[in-house]
Amino acid sequence: MNQAFVYDAVRTPFGKFGSGLAAVRPDDLAAHVIKESVKRAPSLDVERIDEVVFGNANGAGEENRNIARMGTLLAGLPFSIPGTTVNRLCGSSLDAAIIASRQINAGDADLMLVGGAESMSRAPWVLPKTEKPYPAGDMTLASTTLGWRLVNKAMPKEWTISLGEATERLREKYGVSREAQDEFAAASHNLSAAAWDEGFYDNLVAPVPGTDLVRDEGVRPGSSAEKLAGLKTVFRAENGTVTAGNASPLSDGASAAWIGSEAAAGLLGLDPLARIAGRGAHANDPQYFGYAPVEAANKALEKAGIGWEQVGAVELNEAFAAQSLACINAWGVDHSIVNRHGGAIAMGHPLGASGTRILGTLARSLQASGERWGVAAICIGVGQGLAVVLENMTAAGTNTGKDQ
């Protein structure tokens with residue numbers, strides 16, 4: 001079986017809803033990170049790209065015509081390069097990377113460009129079609145920005161609650177306090193701010209032309225649990241804990257990564273950053289969607305042939321502080337190895353772009369720290385989780401970091 005490697009990753013700064021990137025179409029965000037990926041590969045003959053696979057969670061607006069294909073064409077790449085779009089909601093672009101790695105493993109491809117894009121600012125309102133023309137009653141527009149819409153009446157009501165209410169139920173089940181959530185959220189902001197100040201993201205982020213955004217827009221340096229404790233709860237008036245401060249914000253952005261075989265090093269003119277050593281997917285009760293990464297990561301580690309005690313870095317997408325803490329506690333890992341450079345509560349969570357954001361951050365984090373093994377994991381609405389285990393190529397076969 002051919003091995004699959006991560007060679008490079010790049011993303012846009014993530015913009016706040018209705019703000020820094022709101023004027024940019026999602027297919028243009030995708031085209032931007034595709035162009036940047038090509039630019040960063042010094043030896044690349046673009047004709048050698050086997051396929052582009054992108055994730056997108058909405059699919060109802062300007063990204064509706066296969067954003068992978070649209071982004072490829074808008075980036076000026078040859079029209080002979082195929083493109084496919086994946087929708088596994090928040091896990092879409094991590095799924096794109098998993099799909100590409102399988103094609104590499106099978107020998108069907110040597111070089112794949114993967115990623116994801118989302119503009120939650122530009123997600124449209126939709127009106128359901130009527131079974132008969134000219135209905136007598138009123139029709140209601142539905143926002144496609146986030147969560148359930150146009151729900152099938154056969155779905156049990158406990159499955160179709162809001163993501164926030166689902167998180168309240170999850171934190172009750174796993175005993176996560178409001179104080180712990182606010183502390184986790186404050187750390188996300190402060191770690192993100194420090195990482196930006198220290199230059200960690202300089203090689204990972206490419207600003208979008210025509211915009212003023214050069215850093216993730218949602219990061220609030222100097223955040224504290226005490227300040228966050230003053231925010232009102234959003235989903236429950238009584239006994240609630242989830243606030244705008246300990247949840248990821250609505251966001252816009254795009255990300256991309258090169259996934260290739262050993263032969264791709266010569267095609268790109270780049271050395272591999274990490275090997276994709278294990279993959280895992282898991283599904284559970286939709287109302288506890290935030291807990292699904294627990295078993296997804298456990299499965300990925302089993303496939304990689306290692307245990308949690310060997311993992312030196314974790315990138316866990318922070319949909320909510322409560323679900324992140326529930327997962328970290330279940331794994332039993334040291335909190336200090338999780339999201340060392342901040343997370344989605346601070347930086348933002350543009351659904352389809354978040355999977356390759358955490359994958360690229362993990363690869364660069366392992367490179368910076370010298371740790372050998374890392375896990376990227378993400379929760380997904382409607383009760384799913386995905387995870388990927390990376391092996392740092394600079395540490396593989398040495399005593400650097402967490403050895404197998």
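Within each chain, residue numbers correspond to sequence positions counted from 1 in written order. Only residues with pLDDT of 70 or above have their local features reported here, since the model is predicted, and side-chain atom pairs are shown and tallied only from 80 upward, although totals for entire chains, interfaces and linings are computed over all residues. Hydrogen atoms and water are omitted, and side-chain values are computed over all heavy atoms in the structure.

**Considering the pattern of salt bridges**
Any two side chains of opposite charge can pair, given that their charged atoms come close. By salt bridge we mean one thing: a side-chain nitrogen of Lys or Arg within 4 Å of a carboxyl oxygen of Asp or Glu. For the coordinates displayed, the defined rule picks out 18 salt bridges. Residue Asp 216 pairs with Arg 11 through a salt bridge whose shortest N-O separation is 2.7 Å. Here Asp 216, found in the loop between helix 5 (178-197) and helix 6 (225-228), pairs with Arg 11, found in strand 1 (residues 5-11); they are 205 residues apart in sequence, far enough to count as distant. By the burial criterion, Asp 216 is buried, and Arg 11 matches it. Here Glu 165 makes a salt bridge to Arg 236, at a shortest N to O gap of 2.9 Å. With Glu 165 in helix 4 (residues 163-174) and Arg 236 in the loop between helix 6 and strand 8 (251-260), the pair connects residues that are 71 residues apart, well separated along the chain. We classify Arg 236 as buried; its relative accessible area is 16%. Connected through shared salt-bridge partners, Glu 165, Glu 168, Arg 169, Arg 171, Glu 172 and Arg 236 make up one network. Comment: elements are numbered from the N terminus, with helices defined as DSSP H or I runs of at least four residues and strands as E runs of at least two. Throughout this description, buried means an accessible area under 20% of the type-specific maximum (1.4 Å probe, protein chains only), exposed means over 50%, and partly exposed covers the range between.

**Side note on the pairing of strand 12 (residues 384-392)**
In terms of burial, strand 12 is a largely internal element, eight of the nine residues being buried. For strand 9 (residues 274-283) and strand 12, the ladder comprises nine bridges, and the chain directions are antiparallel. Paired with Ala 283 across the bridge in strand 12 is Gln 384. DSSP bridges decide pairing: two strands pair if at least two such bridges lie between them. Two elements, strand 11 (residues 373-380) and strand 12, share eight bridges in a ladder whose sense is antiparallel.

**So, unusual backbone geometry**
The residue Asn 66 is not glycine, and still its phi comes out positive at about 65°. By secondary structure assignment, the location of Asn 66 is in the loop between strand 3 (51-55) and helix 2 (67-74). Its relative accessible area of 28% is what places Asn 66 among the partly exposed residues. Even without being a glycine, Asn 339 presents a positive backbone phi close to 50°. As for its position among the elements, Asn 339 is in the loop between helix 9 (321-331) and helix 10 (344-347). Classification of Asn 339 by relative accessible area gives buried; the value is 2%.

**Brief notes about helix 8 (residues 293-304)**
What a helix is expected to span follows from its residue count: subtract one and scale by 1.5 Å. Spanning 12 residues, helix 8 covers 16 Å between terminal C-alpha atoms, matching the ideal 16 Å at 1.5 Å per step. Contacts are assigned to residue pairs with any non-hydrogen atoms lying within 4.5 Å of each other. In the core, the buried residues of helix 8 are packed alongside strand 9, strand 10 (313-316), helix 9, strand 11 and strand 12. A positive phi of about 80° marks Gly 305, the residue just after helix 8.

**Focus: the nonpolar core**
Formed by 45 residues in total, the largest nonpolar core has its most connected members in Val 114, Tyr 201, Ile 259, Leu 359 and Leu 390. Among the elements that take part in this core, helix 3 (residues 92-106) stands out by supplying six residues, more than any other. Residue contacts for Leu 359: discarding those within four places in its chain leaves Val 6, Leu 94, Ala 97, Ile 259, Ala 376, Val 388 and Leu 390. Note on terminology: a nonpolar core comprises buried Ala, Val, Leu, Ile, Met, Phe, Trp, Tyr and Cys residues joined through side-chain atoms within 4.5 Å. Ranked by size, the runner-up nonpolar core spans 36 residues in total, among them Val 314, Cys 327, Trp 373 and Ala 377.

**A word on the state of the cysteines**
Sulfur atoms of two cysteines make up a disulfide when they are within 2.5 Å. Per the counting criterion, the structure on display carries zero disulfides. Looking at the unpaired Cys 327, the closest cysteine sulfur is the one in Cys 379, lying at 6.9 Å. The exposure class assigned to Cys 327 is buried, which follows from its relative accessible area of 0%. Free of any disulfide, Cys 379 has its nearest neighbouring cysteine sulfur in Cys 90, separated by 6.1 Å.

**Things to note about the UniProt feature "domain: Thiolase N-terminal" (unreviewed entry) in the chain**
UniProt positions are given in the numbering used here, feature names are shortened, and annotations may be inferred rather than shown by experiment. Mapped onto this numbering, the UniProt entry gives "domain: Thiolase N-terminal" (unreviewed entry) at residues 6-262. Annotation note: span residues 6-262, helix share 28%, strand share 16%, distance between end C-alpha atoms 10 Å.

**Some points on the side chain of Gln 310**
If you trace the backbone, Gln 310 turns up in the loop between helix 8 and strand 10. Among the polar contacts listed, one links the side chain of Gln 310 to the backbone nitrogen of Gly 307, at a separation of 3.0 Å. Whenever two N or O atoms come within 3.5 Å, that pair is a polar contact, provided that in protein one can donate a hydrogen and the other can accept it, and provided that, for residues adjacent in sequence, both atoms are side-chain atoms.

**Re the packing of helix 8 against helix 9**
Put simply, helix 8 and helix 9 touch, their axes get as near as 9 Å, and they point 40° apart. Considering the angle they form, helix 8 stands oblique to helix 9. The element helix 8 and its partner helix 9 pack so that their crossing is right-handed. In this structure, helix 8 contributes Pro 293, Val 294, Ala 297 and Asn 298 to the contact, and helix 9 contributes Cys 327, Ala 330 and Trp 331. Any residue that is not Ala, Val, Leu, Ile, Met, Phe, Trp, Tyr, Cys, Pro, Asp, Glu, Lys or Arg is counted as polar, Gly included; the first ten are nonpolar and the last four charged. For the contact of helix 8 with helix 9, a count of residues per class yields six nonpolar, one polar and no charged. For helices, the axis comes from a line fit to the C-alpha atoms of the stretch in contact; other axes are also lines fit to C-alpha atoms, and the angle between any two N-to-C directions lies between 0 and 180 degrees. In this scheme, roughly parallel covers angles under 35 degrees and roughly antiparallel covers those over 145, while 65 to 115 is roughly perpendicular and the rest are oblique. Should the near helix be turned anticlockwise from the far one by less than a right angle, the crossing is left-handed, and should it be turned clockwise, the crossing is right-handed.

**Things to note about the UniProt feature "domain: Thiolase C-terminal" (unreviewed entry) in the chain**
According to UniProt, the feature "domain: Thiolase C-terminal" (unreviewed entry) maps to residues 271-391 in the numbering used here. The span residues 271-391 is 36% helical and 25% strand by assignment, and the distance between its end C-alpha atoms comes to 14 Å.

**With respect to the packing of aromatic side chains**
Note on aromatic pairs: the rings of Phe, Tyr and Trp (six-membered ring only in Trp) are paired at centre separations within 6.5 Å, and the planes decide the class, stacked below 30 degrees, edge-to-face beyond 60, tilted for the rest. According to the stated counting rule, one finds six aromatic pairs in the structure shown. Ring geometry for Tyr 174 against Tyr 291: centres 4.1 Å apart, planes inclined by 10°, an arrangement best described as stacked. Separated by 117 residues along the polypeptide, Tyr 174 in helix 4 and Tyr 291 in the loop between strand 9 and helix 8 bring together distant segments of the chain. Aromatic side chains Phe 200 and Tyr 201 sit 5.0 Å apart centroid to centroid with 85° between the ring planes, which places their arrangement in the edge-to-face category.

**Looking at helix 1 (residues 26-39)**
Helix length check: helix 1 (14 residues) gives 20 Å between terminal C-alpha atoms against 20 Å at 1.5 Å per residue, within 8%. A large share of helix 1 lies buried, amounting to 11 of its 14 residues. Within helix 1 the residues assigned to the buried category are Pro 26, Asp 27, Leu 29, Ala 30, Ala 31, His 32, Val 33, Ile 34, Glu 36, Ser 37 and Val 38. On the buried face of helix 1, the contacting elements are strand 1, strand 3, helix 2, strand 5 (111-119) and strand 8.

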